[in-house]
Amino acid sequence: MAIVKPKKKRCGDMVTGIFINFLLIVVIFVSLYPFWHVVMYSLSDSRAAMSGGLFLWPRQFTLLTYKLMFETTRIFVAFRNSIAKTVIGTIISVVVTVLVAYPLSREELRGRKMIQFLFYFTMLFSGGIIPTYMLIKDLELLDTFWVYVIPGAVNVYNMFILRSAFLMIPRSLPESAMLDGANPIQILCYIILPLSRATIATITLYYVQGNWNSYMDGVLYVNDSKLELLQVYMRRLISQAGAAAALNEAKNLSAASMVTEESTKMTVIAFSIIPVIIVYMFLQKYFMKGVTIGAVKG
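Residues numbered from 1 in each chain as written. Predicted model: local features only at pLDDT ≥ 70, side-chain atom pairs only at ≥ 80, totals over all residues. Heavy atoms only, no water.

Re the layout of surface pockets
Rule in force here: Lining residues are defined by having an atom within 4 Å of a point belonging to a cavity or pocket. Those points lie on a 1 Å grid over the protein atoms alone, cavities being sets where a 1.4 Å probe fits but cannot get out and pockets being open sets with protein on both sides within 12 Å along at least five of seven lines. Grid points are joined across faces, edges and corners, and a volume is the space filled by probe spheres set on the points. A run of H or I in DSSP counts as a helix once it spans at least four residues, and a run of E counts as a strand once it spans at least two, with each numbered from the N terminus.
Roughly 940 Å³ of internal volume is contained in the largest pocket. Around the largest pocket sit 34 residues that line it, and P151, G152, A153, V154 and N155 are the ones nearest its centre. Contributing elements (two or more residues each) for the lining of the largest pocket: helix 4 (74-104), helix 5 (112-124), helix 6 (129-138), helix 7 (156-167), helix 10 (197-212) and helix 11 (216-220). Per-element accounting of the lining of the largest pocket gives the leading share, 5 residues, to helix 6.

Here's the deal with the nonpolar core
Formally: Throughout, nonpolar core names a set of buried Ala, Val, Leu, Ile, Met, Phe, Trp, Tyr and Cys residues whose side chains join them through atoms within 4.5 Å. A 1.4 Å probe rolled over the protein chains alone gives each residue an accessible area, and that area as a share of the maximum for its type sets the label: buried under 20%, exposed over 50%, partly exposed in between.
Among the nonpolar cores identified, the biggest contains 22 residues, and V98, Y102, M159, L162, F166, I187 and I192 are the most heavily contacted of them. Breaking this core down by element, the ones donating at least two residues are helix 4, helix 7, helix 9 (184-195) and helix 10. Ranked by size, the runner-up nonpolar core spans 20 residues in total, among them Y33, Y41, Y66 and Y233.

Observations regarding unusual backbone geometry
Generally, phi is negative for residues other than glycine and the peptide bonds are trans, each holding for most cases. Of note, the phi angle at E140 is positive, near 60 degrees, even though the residue is not glycine. Its location among the elements puts E140 in the loop between helix 6 and helix 7. Among the residues examined, E140 registers a relative accessible area of 66% and is labelled exposed. Of note in the backbone geometry, D143 takes a positive phi value of approximately 55 degrees without being a glycine. Take D143: it is sitting in the loop between helix 6 and helix 7. Residue classification places D143 among the partly exposed residues on the basis of a relative accessible area of 35%.

A look at the packing of aromatic side chains
Here is the rule: Two aromatic rings from Phe, Tyr or Trp, using only the six-membered ring of Trp, form a pair when their centres are within 6.5 Å; if the ring planes differ by under 30 degrees the pair is stacked, by over 60 it is edge-to-face, and anything between is tilted.
A full pass over the atoms with the stated rule returns 8 aromatic pairs. Ring centres of F121 and F125 lie 4.9 Å apart, and the angle between their planes is 35 degrees; this geometry places the pair in the tilted category. Geometrically, the ring pair formed by Y133 and Y221 is stacked, given 6.1 Å between the ring centres and 25 degrees between the ring planes. With Y133 in helix 6 and Y221 in the loop between helix 11 and helix 12 (230-238), this residue pair connects regions lying 88 residues apart in the sequence. In textbook terms, an aromatic cluster arises when at least three aromatic residues are bridged by ring pairs, as seen for F117, F121 and F125.

See below:
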């Protein structure tokens, strides 16, 4: 029996492989370096960081800016509001999305196509900022915490992803459970949801990121400083006056004088990135699977 020797890689294939790997390394560096730059800048001495250039590691490592930031009260108020908005808003959004997507995945639902069209229509057209503001005002949601949660409780795109995942579940499973006496709620909780775990984790990540990065609702509908979001607080820091005011809130004014406004901005930005990274670390294993499942069947 003749032994087939593996073909040697040609020189052109090796060059192509090296080029592709190099290109991927460049793309990864370009994607990750802005975050790395912010973190390294925030960990550097303010005066040493003023020289500019690339930040591959901290220059004269110090945690002074973080210490001063933790001495301020306003950032904790903004951080608390963003955490509450993200947690409560994500829970409500996931629950409502499931309750909308599941009936639309059932073929026996009367008027299903018309209801789906009405949802799809909202993805193409909206009332605009002024009519939306007037509606929220009439609902008495201005300057309340619920204005962060209720208006954007359902994302239609996420709903269609979850509906597609529900449609891929064999109909024989819920039908068999129904013959055994299970009601629709039991079928949803014990059959549909466990089989759609990856997709639910994916839309949960979408909702977490959307709620955490939410900005416009805090600008348009809330004037109460006690309900200020972290993203709105960061916008004020971008201006020179906002960064200076944040430094003046620190208890140790002598230490605050050693910190530049640019370092304050970088520290707050780095501080705001951490929660999203932590959530993504726990949900990333479901991310690709959930997106693929939701994209197969529409």
